[in-house]
Amino acid sequence: MRSLKRDKADLLRVLAARIVPEMAELDSTGLNRFFAIVDEALAGREPEVRRQFATFLGVVKWASLPRFGRPFHKLPGESQDAVLRWFEDCPVGLLRSGTWGLKAMVFMGYYGQPETNHLVGYRPGGPHA
């Protein structure tokens, strides 16, 4: 990915698998396509937005440390889900917004693929195109 460093892209993959569990079933082609879609979306944003997204990934990574004693990617799935729920319901609006931005990127990267876009009713060239 051009828009994220390797460690952030690796964390994004872990987060994506919690947000869309079917991500775990993607083969290497699907995973590469996921990253390409997200990378293209981020590349179209201002540099400041890309920095904010990367920073938010770092915040999610380390936010679990006080409660669980480990960074996000080293937690069991149930604890990862608890961290994500906390961010979704967080009283700090900026963190809630970051969570929805993260989810939007993950949904775009997964459901924007030809093999999965029919799952959300998207049919390129169909009657609603």
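Residues numbered from 1 in each chain as written. Predicted model: local features only at pLDDT ≥ 70, side-chain atom pairs only at ≥ 80, totals over all residues. Heavy atoms only, no water.

Caption draft 1: The overall build of the protein chain, seen in detail. Scanning the protein chain from N- to C-terminus turns up 6 helices and 0 strands. Secondary structure elements of the protein chain occur, N-terminal to C-terminal, as α-α-α-α-α-α. Here the C-alpha radius of gyration of the protein chain, 15 Å, is about what a compact globule of 129 residues would show, namely 14 Å. Burial status across the protein chain gives 39% buried among its 129 residues. Of the contacts formed within the protein chain by residues at least 6 apart in sequence, a portion of 62% connects residues at least 24 apart. (Helix = DSSP H or I, 4+ residues; strand = E, 2+ residues; numbered from the N terminus. Rg over C-alpha atoms; globule rule 2.2 N^0.38 Å. Buried < 20%, exposed > 50% of the residue type's maximum accessible area, 1.4 Å probe, protein only. Contact = heavy atoms within 4.5 Å.)

Caption draft 2: Region of interest: the pattern of salt bridges. Summed over all chains, the structure comprises 4 salt bridges. Note that R18 and D81 form a salt bridge whose closest N and O atoms lie 2.8 Å from each other. Pair noted here: R18 is in helix 1 (residues 6-19) and D81 is in helix 5 (residues 77-89), with a separation of 63 residues, a long-range link. Accessibility expressed as a relative area gives 23% for D81, which makes it partly exposed. (Salt bridge = Lys/Arg side-chain N within 4 Å of Asp/Glu carboxyl O.)

Caption draft 3: Main features of the nonpolar core. Among the nonpolar cores identified, the biggest contains 31 residues, and L12, L15, F34, F53, F72, L102 and V106 are the most heavily contacted of them. Mapped onto this core, the elements with two or more residues apiece are helix 1, helix 2 (28-43), helix 3 (47-63), helix 5 and helix 6 (93-111). For this core, the leading source of residues is helix 1, giving 7 residues. Leave out the neighbours within four places in its chain, and F53 touches L4, L12, L42, G101, L102 and M105. (Core = buried A, V, L, I, M, F, W, Y, C linked by side-chain atoms within 4.5 Å.)

Remember, this is a structural readout, not a statement about activity or role.
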